[in-house]
Each structure stands twice: as structure tokens, then as C-alpha cells.
Amino acid sequence: MTIWRPHSHIRVVALGLHWRGERLLAAEVRDDAGRIKGVRPLGGEIEFGESWQTALVREFSEELGIDVAITSEPRMMENIFVHEGSTGHEVMFIAEVAFPDGAFAGQDRIDFREDNGEEIVARWFDLADLDVAGGPHLYPTGLKDVLLGRKNRS
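Everything quoted here is computed from the prediction, not taken from an experiment. (Residues numbered from 1 in each chain as written. Predicted model: local features only at pLDDT ≥ 70, side-chain atom pairs only at ≥ 80, totals over all residues. Heavy atoms only, no water.)

Q: Kindly report on the nonpolar core, identifying the contributing residues and their values.
A: As a rule of thumb, nonpolar side chains are buried together in soluble globular proteins. Within the largest apolar cluster, 22 residues are counted, with the highest numbers of intra-cluster contacts made by Leu-42, Phe-60, Leu-64, Phe-99 and Ile-110. Counting residues per element, the ones that place at least two in this core are strand E3 (23-30), helix H1 (52-64), strand E8 (86-98), strand E9 (109-113) and strand E10 (119-126). The residues contacting Leu-42, other than those within four sequence positions of it, are Ala-14, Leu-15, Gly-16, Leu-25, Ala-26, Ala-27, Leu-56, Phe-60, Glu-63, Leu-64, Phe-112 and Ala-122. With 16 residues, the next largest nonpolar core counts Leu-24, Met-77, Leu-138 and Leu-147 among its residues. (Core = buried A, V, L, I, M, F, W, Y, C linked by side-chain atoms within 4.5 Å. Buried < 20%, exposed > 50% of the residue type's maximum accessible area, 1.4 Å probe, protein only. Helix = DSSP H or I, 4+ residues; strand = E, 2+ residues; numbered from the N terminus. Contact = heavy atoms within 4.5 Å.)

Q: Break down unusual backbone geometry for me, citing the residues and quoting the values.
A: That bond from Tyr-139 to Pro-140 is cis: its omega, 0 degrees, falls within 30 degrees of zero. Examined against the element boundaries, Pro-140 turns out to sit in the loop between strand E11 (137-138) and helix H2 (143-153). Phi angles above zero are rare outside glycine, and Phe-104 is one such case at about 60 degrees. By the secondary structure assignment, Phe-104 is in the loop between E8 and E9. With a relative accessible area of 15%, Phe-104 lands in the buried category. Although it is not a glycine, Asp-131 adopts a positive phi angle of roughly 60 degrees. In this fold, Asp-131 is placed in the loop between E10 and E11.

Q: Outline the side chain of His-18, listing residues and values.
A: In this fold, His-18 is placed in the loop between strand E1 (11-17) and strand E2 (19-20). A polar side-chain atom of His-18 sits 3.3 Å from a polar atom in the side chain of Trp-124. Other than its neighbours up to four places away in sequence, His-18 contacts Arg-23, Leu-24, Leu-25, Val-97, Ala-98, Phe-99 and Trp-124. (Polar contact = N/O pair within 3.5 Å; in protein donor to acceptor, adjacent residues only side chain to side chain.)

Q: Which residues make up the pairing of E1, and what values go with them?
A: Successive residues of a regular strand alternate their side chains across the two faces of the sheet. Burial analysis of E1 places six of its seven residues in the buried class, the great majority of the element. Sheet topology places E1 next to E8; seven bridges connect them, and they run parallel. Looking across to E8, one finds that Ala-14 is bridged to Phe-93. Strand direction decides the pairing type here: E1 and strand E5 (residues 42-45), joined by four bridges, are antiparallel. (Pairing = 2+ DSSP bridges.)

Q: Give a detailed account of the pairing of E10, specifying residues and quantitative values.
A: Pairing analysis gives five bridges linking E3 to E10, with the strands arranged antiparallel. By the bridge assignment for E10, Ala-26 is matched with Arg-123. Examined bridge by bridge, E9 and E10 share five bridges and lie antiparallel to one another. Its bridge partner lying in E10, Arg-113 is registered against Glu-119.

Take a look at the structure:
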């Protein structure tokens, strides 16, 4: 198991929101003991000179081997958090993405590896099951409220 710690600088990241009905695709976030403590939409760091859109498409290509289409304007969030005693700080571009027709059809989970070799499991989660007692948290903190606000306006 890989022990992960936040970077010691501010990261700028792009995250993609992919839905299956009312269920959001998110990767499991584990503590040092391997327990699931939360989930987070897929995506990653924006490289120097790269737009958030290019980074988001690249991350899905690298992680899942698919080309996604960005289908919304980005939401911006700042995420200052503590993971296993270490503080992290991110500025995030978060946008809706569409998968190619038939991508991962019939699969309840997607297994992939990060660049560092860490094995990741992503699944579709109902928002009602996140940020509740006994359930995993949705990261970044506050994203659930943002998403529920969007759904209530739809």
C-alpha cells in the first residue's frame, strides 16, 4: 500500500464530474491503515503551461484510457485540508465530463493506477450516501453542497 501525503505547495488541479443517473464517479481515498475515509472525483494536477481543459482531458486519458468531453463551465473551489496530519492546499477547476458511448458500461467499478503505481478504485456513489454518519466523505469538503445546489436549480 502506498502512503500518500499532500504536497507542500499550492497545487492547481482539474477534476471531472461524471454521472450515471444520480450517481457520481469518484475514487476512493484511504487512510494509512487502508480504510476508506472518503471519495473524490477523478482528475489531477494542471501542468505548467497547460489549460485546465487540456489537463482534465489528459488526466482521464492517462488514468482510464478514454477521451472525455467537457460539458460545463468550471466551478472553482479552494481546498485547504489535512490528511494524516499533513496540510494540503489546492485550487480546483471542477467541470462536468461525458464519457464516450459505452465506456465502462456494465461495470460498477473502475480499477486503475496512478503515475506513482498506487492502485485506485473508482465507483459511482449516490450523493445521499456521502457526508453522512457512517458513510465516506466527499472531497473536497463542500463539494456536495455545491452539487446539491446545482441539482436543485436544474
